[in-house]
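The chain contents come next:
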2 protein chains.
Amino acid sequence: IAKEVAKLLEMKAQLGGDEGKHKGGGKTPKGTRDYSPKQMAIRERVFNAIITCFKRHGAEVIDTPVFELKETLTGKYGEDSKLIYDLKDQGGELLSLRYDLTVPFARYLAMNKITNIKRYHIAKVYRRDNPAMTRGRYREFYQCDFDIAGQFDPMIPDAECLKIVHEILSDLQLGDFLIKVNDRRILDGMFAVCGVPDSKFRTICSSVDKLDKMPWEEVRSGGGGEKGLSPEAADRIGEYVQGGGGLDLIEGGGQDPKLSQNKLAKEGLGDRGGVFEYLTLFGITGKISFDLSLARGLEGGGGVIFEAVLLQQENDHVEGGGSVGSVAGGGRYDGLVGMWGGEGRKVPCVGVSIGIERILGGGEQRVEASEEKIRTTETQVLVASAQKKLLEERLKLISELWDAGIKAEVLYKKNPKLLNQLQYCEERGGALVAIVGEQELKDGVVKLGGGATREEVNVRRESLVEEIGGGTSQP
Amino acid sequence: IAKEVAKLLEMKAQLGGDEGKHKGGGKTPKGTRDYSPKQMAIRERVFNAIITCFKRHGAEVIDTPVFELKETLTGKYGEDSKLIYDLKDQGGELLSLRYDLTVPFARYLAMNKITNIKRYHIAKVYRRDNPAMTRGRYREFYQCDFDIAGQFDPMIPDAECLKIVHEILSDLQLGDFLIKVNDRRILDGMFAVCGVPDSKFRTICSSVDKLDKMPWEEVRSGGGGEKGLSPEAADRIGEYVQGGGGLDLIEGGGQDPKLSQNKLAKEGLGDRGGVFEYLTLFGITGKISFDLSLARGLEGGGGVIFEAVLLQQENDHVEGGGSVGSVAGGGRYDGLVGMWGGEGRKVPCVGVSIGIERILGGGEQRVEASEEKIRTTETQVLVASAQKKLLEERLKLISELWDAGIKAEVLYKKNPKLLNQLQYCEERGGALVAIVGEQELKDGVVKLGGGATREEVNVRRESLVEEIGGGTSQP
């Protein structure tokens, strides 16, 4: 039954039934959503883990506009260009919403003649794709990108990108994962060896990339049919990519006689040996799989490509249905920056993009559905009063606390009931309560109570800030 | 001369000459810009100050999509609607980029039937306005919004919003500032008393709001001419708004005989007394000015409005020309949420929006122009080697450091020169350098040096993490 429910939920989500729901009036555009305070709290934890990792690797941070000149994006995404959001021509430049953070980064490098930078960028990107919300596929979603640009010795930055993926997926405790690695040069060499004409490399690439979603026979018939590939070439490719294999190729050091005759493939296989050595030094080869069937397209690519997937957990079907799939991807794009002209200004780049929506999808839904308490504020103390007509005294006290840097709230009522104030305090995740009353005012004290373990005590007014500051465990 | 240069710079900026500059290839759309790592570092400091303040006041955080259904924005911005960016109709919904964070917030409340929340939201908004970059006017810019929604006793949340503006502008040390306060009810009452027909309130409002940019005579002629206001009515308004006054009205408790006969104005004047009392308790009346000429338009408004301006500094002309002008604004919009239907679901709101571009403009330009060192990474240590052929040892060591949470970098060269490594270290703001050499490897130590005050010392490898972790002053 759980499986059936999950299936229905997913179908509903794919139909776009969930995103635009308007319990009240108004709705968000298809494939987009608001983030509630609870969702933001979860999101910030994940961002913090990712940013901490990016900073651990010495990255600077940049930001770019949400839209680019349309011409900046043109010719960078192949078939996927149809998913780009264009802005209306309102007299002026033709603009499009950014599709990823990679092309804006390359444009930034070209425009500012930067040849050397290690930066991260966390921002929303936009794709007019079919949304599937429970699977974490949105039209507006965050990407967390880390990239290394510069002319360096081979495979060292590439290996660091893989290390970063490994660190982040481990830190976030998402269960078992696998990072598939391949090389566009090996792929292209393989296509050449199998007799695929140059002009078909791109389309065959995207066919091969579908191998994790359908069996080889289906890919083959699609490839051999509408893509105009000869059955013989298709069969030869099949031998290479089936079984998800290729590890023997690397361990054997490129012993495949046909492949190693191809110049491109030989170069790729050699570098693959290098990256394997560095990953061994990093101690992360256990989660790495060299996989000839990985063929994600990167414009201006030509070297390492990789993709991280979360592996099926036994109870996955309970948590929203289907595989979470790819949660990170990346690779080389040495040719991209050069697309903005400037002869000889080649800036080799390699980077990784973490897709947090898929990572978060399940967790957020669980939290929203459950009554799990997630603190969404950092309020330390609620300033309250036991009797009426003490608004002025409450405001005077809270103003003192704010000015001393204490996170404090007050109910916006002239004469709130004490019970309502205590309840508010409870909802704020067990903040303290500082009560002013006529007796306390006379005695120059404040009654401090609440919190997890605290008894009510009278605190001298001049010691209150210190008492609150030290008395709570600040996040 | 400085004045002339500043004038020229501003003219250049207004012509849009600065934003799209392409030293290399590519450019950003008109009125937008990238943020360099230096600019991001400055920006993060300002955001942190603002977020700290918002959290101090107990706010939760939400986020909304960058675009909304076009219908969500329709009829909310009056004349300014022409500045909204529409997306191209690509088959599907009609979408527009958000113009501010207030309308999406109101839509969020209506859609989720939320009647009670205190939230902040920091995000970019979009306006097809004439950019003037040196004055901090962009087409894509950040707003930092804090809003209180809910049915409360009058003026308490309003006063807190003013306190927040006061705290933030003080924290950021921007020099002297003034927060102008007015009330739409007093304005509307004043217009009624002066004989302005109801249908003209809105247009007169925006005329009056121009008073800080031109003298009354000009506003008057514009108002009396094309706006079709009788000269008598204009003169009567002039009496009220000239001299930036109105403070006597509040101190006299609404003694103006004509105004206090008007029901709306009377209500507004009464509440103005309330807010003045609360601001006195907060100790911030010194920077507050009740100003009848403040007439910023808020759809669905009807109560307090306010605007914070930085006051001219004597050396302003050196720093980019002209007044920085408004850096924050806000007020009541009790009627907005109700626009999404739902009878009887009135959610009174008041909020403030901090505009950080104008605040930052000058500071960023100074930093970019100068050679001032701003740390853009948090790197603690560079792993280096003195001899060749030690790449593997460097990678092994840095991997240990990363896994222990140390922020570390390594040069992506097989055999980098020691001098280059030390220089990189210096550029990274004086991070430490951990040198592995053949002797050190034999002895089981690492040579740790660099930093501000450090001598080179041999540290046992097993103590290295502790030594680095404790030895640097982490931000």
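All figures in this text were calculated on a predicted structure; none of them were measured in a lab.

The next point concerns the overall build of chain A. When you go through chain A residue by residue, the secondary structure sums to 16 helices and 15 strands. When each of the 475 residues of chain A is scored for burial, the buried share is 55%. Long-range pairs, those at least 24 residues apart, make up 69% of the contacts in chain A with a sequence separation of at least 6. Here chain A has roughly 20200 Å² of accessible surface; of this, 49% comes from carbon and sulfur atoms.

Let us look at helix α11 (residues 263–282) of chain B. Residue and element names in this part refer to chain B. The end-to-end C-alpha distance of α11 is 29 Å, a good match for the 28 Å that 20 residues give at a rise of 1.5 Å each. Along α11, the residues that are buried comprise Ala-265, Gly-268, Leu-269, Asp-271, Arg-272, Gly-274, Val-275, Tyr-278, Leu-279 and Phe-282. You can read the cap of α11 off the contacts: a side-chain oxygen lies 3.0 Å from the backbone nitrogen of Leu-264, and it is on Asn-262.

What follows covers the confidence of the model for chain A. All names here are of chain A. Averaged over chain A, the pLDDT score is 85; the fraction of residues at 70 or greater is 82%. Confidence drops under pLDDT 50 across residues 471–475; counting only partners more than four residues distant or on other chains, this segment forms seven contacts. Interface confidence for the predicted complex, given as ipTM, is 0.88, next to a pTM of 0.89.

So, about the sheet that holds strand β11 (residues 381–385) of chain A. Residues and elements named next belong to chain A. Judged by pairing direction, the sheet is mixed, and its five strands sit side by side in the order β12-β11-β13-β14-β15 without closing on themselves. Here the strands that pair on one side only, and so sit at the sheet edges, are β12 (408–410) and β15 (457–460). Strand after strand, the sheet turns through a mean of 35° between neighbouring axes, direction not considered. As paired elements, strand β13 (residues 432–436) and strand β14 (residues 445–450) share four bridges and run antiparallel to each other. Following the sheet pairing, Ala-434 is matched in β14 by Leu-448.

In this section: the relation of the copies chain B and chain A. What relates the two chain copies is a rotation about an axis together with a slide along it. Screw-axis analysis of chain B against chain A gives a translation of 0.0 Å along the axis, an RMSD of 0.1 Å, and a rotation angle of 180°. Taken together, the rotation and translation describe the operation of a two-fold axis.

With that settled, consider the pairing of strand β11 (residues 381–385) of chain B. Residue and element names in this part refer to chain B. The element β11 is largely enclosed, with a buried count of five among its five residues. Alternating residues of β11 divide into Val-381, Val-383 and Ser-385 and Leu-382 and Ala-384, and every residue in both groups is buried. Judged from the three bridges that link them, β11 and strand β12 (residues 408–410) form a sheet pairing that is parallel. Counted as the bridge partner of Leu-382 is Glu-409 from β12. Between β11 and its parallel partner β12, the chain crosses via helix α13 (residues 391–403), and the hand of that crossover is right-handed.

Next up on the list: the interface of chain B and chain A. If you look at the interface, chain B gives 96 residues, while chain A gives 97 residues. Approximately 8500 Å² of surface area, both sides summed, lies buried where chain B meets chain A, with 57% of it carried by carbon and sulfur atoms. It is B:Met111, B:Trp402 and B:Tyr412 in chain B that bury the most area against chain A; as a group they hold 10% of the surface buried on that side. At the surface where chain B touches chain A, the tally comes to 12 salt bridges. Of the charged contacts, one joins A:Asp34 and B:Arg107 as a salt bridge, the two residues approaching to 2.6 Å between their closest N and O atoms. Counting across the chain B and chain A interface gives 50 residue pairs in polar contact (both at pLDDT 80 or more). Per-element accounting of the side of chain B that touches chain A gives the leading share, eight residues, to α13(B). Across the side of chain B that touches chain A, the residue classes tally to 39 nonpolar, 21 polar and 36 charged.

Residues and elements named next belong to chain B. Sheet architecture is open: five strands sit in the order β12-β11-β13-β14-β15, paired in mixed fashion. What marks the edges here is a single partner per strand, and that holds for β12 and β15 (457–460). For this sheet, the mean angle separating the axes of adjacent strands, direction not counted, is 35°. Alignment of β11 against strand β13 (residues 432–436), held across five bridges, turns out to be parallel. The partner of Leu-382 across the bridge, within β13, is Val-433. The strands that helix α14 (residues 418–427) touches are β11, β12 and β13; relative to β11, the one it contacts most, it runs at about 175°.

Procedures and definitions
Residues numbered from 1 in each chain as written. Chains lettered and ligands numbered in written order. Predicted model: local features only at pLDDT ≥ 70, side-chain atom pairs only at ≥ 80, totals over all residues. Heavy atoms only, no water. Helix = DSSP H or I, 4+ residues; strand = E, 2+ residues; numbered from the N terminus. Buried < 20%, exposed > 50% of the residue type's maximum accessible area, 1.4 Å probe, protein only. Contact = heavy atoms within 4.5 Å. Areas by Shrake-Rupley, 256 points an atom, 1.4 Å probe, with all protein chains shown as cover. Expected span 1.5 Å × (residues − 1). Polar contact = N/O pair within 3.5 Å; in protein donor to acceptor, adjacent residues only side chain to side chain. pLDDT = per-residue confidence, 0-100. Pairing = 2+ DSSP bridges. Axes fitted to C-alpha atoms, helices over the stretch in contact; angles between N-to-C directions. Least-squares fit on C-alpha atoms with pLDDT ≥ 70 in both. Right-handed = clockwise from strand over helix to strand, strands pointing away. Buried area = accessible area lost by both parts, 1.4 Å probe. Salt bridge = Lys/Arg side-chain N within 4 Å of Asp/Glu carboxyl O. Nonpolar A, V, L, I, M, F, W, Y, C, P; charged D, E, K, R; others polar.

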